[in-house]
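Notes for the structure review
One letter stands for each residue in the lines below.
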Amino acid sequence: MSDGIECCGGDADAGDCGCHAHHGYISDKKRYLARLKRIEGQVRGVHRMIDEEEYCIDILTQISALSSALKSVSLALLEDHMRHCVVSAAQSGGDELEVKLREANDAIRRLAK
């Protein structure tokens, strides 16, 4: 382990963990899964609302809440990517930093749409 970046062996500074790379969200994996489980429940709720022919504005309100919840998860994952993957690439040097920055930039563009 080096500079707070989890690694299961090998030389983390050289970008070689000795096994699969750990993603930045791993330390919060349970929290992400719990949040996604709640979002799943919200989707089922919207499905039920439509099935039971509830008022359209109420359904739209729930869809708006779903969109916000997904955006929140997306932004947290992006922050984890920046703090883990981009920082790790910057510490390693080489072309990997450009790749990780491009990935982050592309993700930001997709989120901004």
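In what follows, the accompanying structure is described. Just so it is clear, the structure is predicted and the values come from calculations on it, not from any experiment.

Conventions we followed
- Residues numbered from 1 in each chain as written.
- Predicted model: local features only at pLDDT ≥ 70, side-chain atom pairs only at ≥ 80, totals over all residues.
- Heavy atoms only, no water.
- Core = buried A, V, L, I, M, F, W, Y, C linked by side-chain atoms within 4.5 Å.
- Buried < 20%, exposed > 50% of the residue type's maximum accessible area, 1.4 Å probe, protein only.
- Helix = DSSP H or I, 4+ residues; strand = E, 2+ residues; numbered from the N terminus.
- Contact = heavy atoms within 4.5 Å.
- Expected span 1.5 Å × (residues − 1).
- Salt bridge = Lys/Arg side-chain N within 4 Å of Asp/Glu carboxyl O.
- Phe/Tyr/Trp six-rings, centres within 6.5 Å; stacked < 30°, edge-to-face > 60°.
- Lys NZ or Arg CZ within 6 Å of the ring centre and 35° of its normal.

With that settled, the discussion passes to the nonpolar core. The biggest cluster of nonpolar side chains holds 8 residues, and these are Tyr-32, Ile-39, Val-46, Met-49, Ile-59, Leu-66, Ala-69 and Val-73. Elements that contribute at least two residues to this core include exactly helix 1 (29–51) and helix 2 (56–92). Setting aside anything within four residues of it in sequence, one finds Val-46 in contact with Ile-59, Gln-62, Ile-63 and Leu-66.

Further remarks concern the environment of Ala-112. Note that Ala-112 resides in helix 3 (residues 96–112). Note: C-alpha distance between Ala-112 and Lys-71 (41 residues apart in sequence) is 9.9 Å.

Its 37 residues give helix 2 an end-to-end C-alpha distance of 52 Å, which sits within 8% of 54 Å, the value for a rise of 1.5 Å per residue. Buried within helix 2 are the following residues: Ile-59, Leu-66, Ala-69, Val-73, Leu-78, Asp-80, His-81, His-84, Cys-85, Val-86, Ser-88 and Ala-89. Considering only its buried residues, helix 2 is in contact with helix 1 and helix 3. In the segment just after helix 2, Gly-93 is the residue with positive phi, at about 80 degrees.

This next bit is on the pattern of salt bridges. Pairing of side chains with opposite charge becomes possible as their charged atoms draw close. Tallied over the entire structure, the rule returns 8 salt bridges. Among the salt bridges present, the one from Arg-44 reaches Glu-40, with a minimum N-O distance of 3.8 Å. In this pair, Arg-44 and Glu-40 are both assigned in helix 1, 4 residues apart and thus about one turn of the helix distant. Of the residues examined, Glu-40 reaches a relative accessible area of 41% and is grouped as partly exposed. Residues Glu-103 and Lys-100 are paired through a salt bridge, measuring 3.6 Å at the closest nitrogen-oxygen approach. On the criterion of helical spacing, the pair formed by Glu-103 and Lys-100 is a turn pair, its members being 3 residues apart in helix 3. Overall, Lys-100 belongs to the buried group, its relative accessible area being 17%. Connected through shared salt-bridge partners, Arg-48, Glu-52 and Glu-54 make up one network.

Applying the stated criterion to the full structure yields 0 aromatic pairs. Lying over the aromatic face of Tyr-32, Arg-31 brings its terminal NZ or CZ to 5.1 Å of the ring centre.

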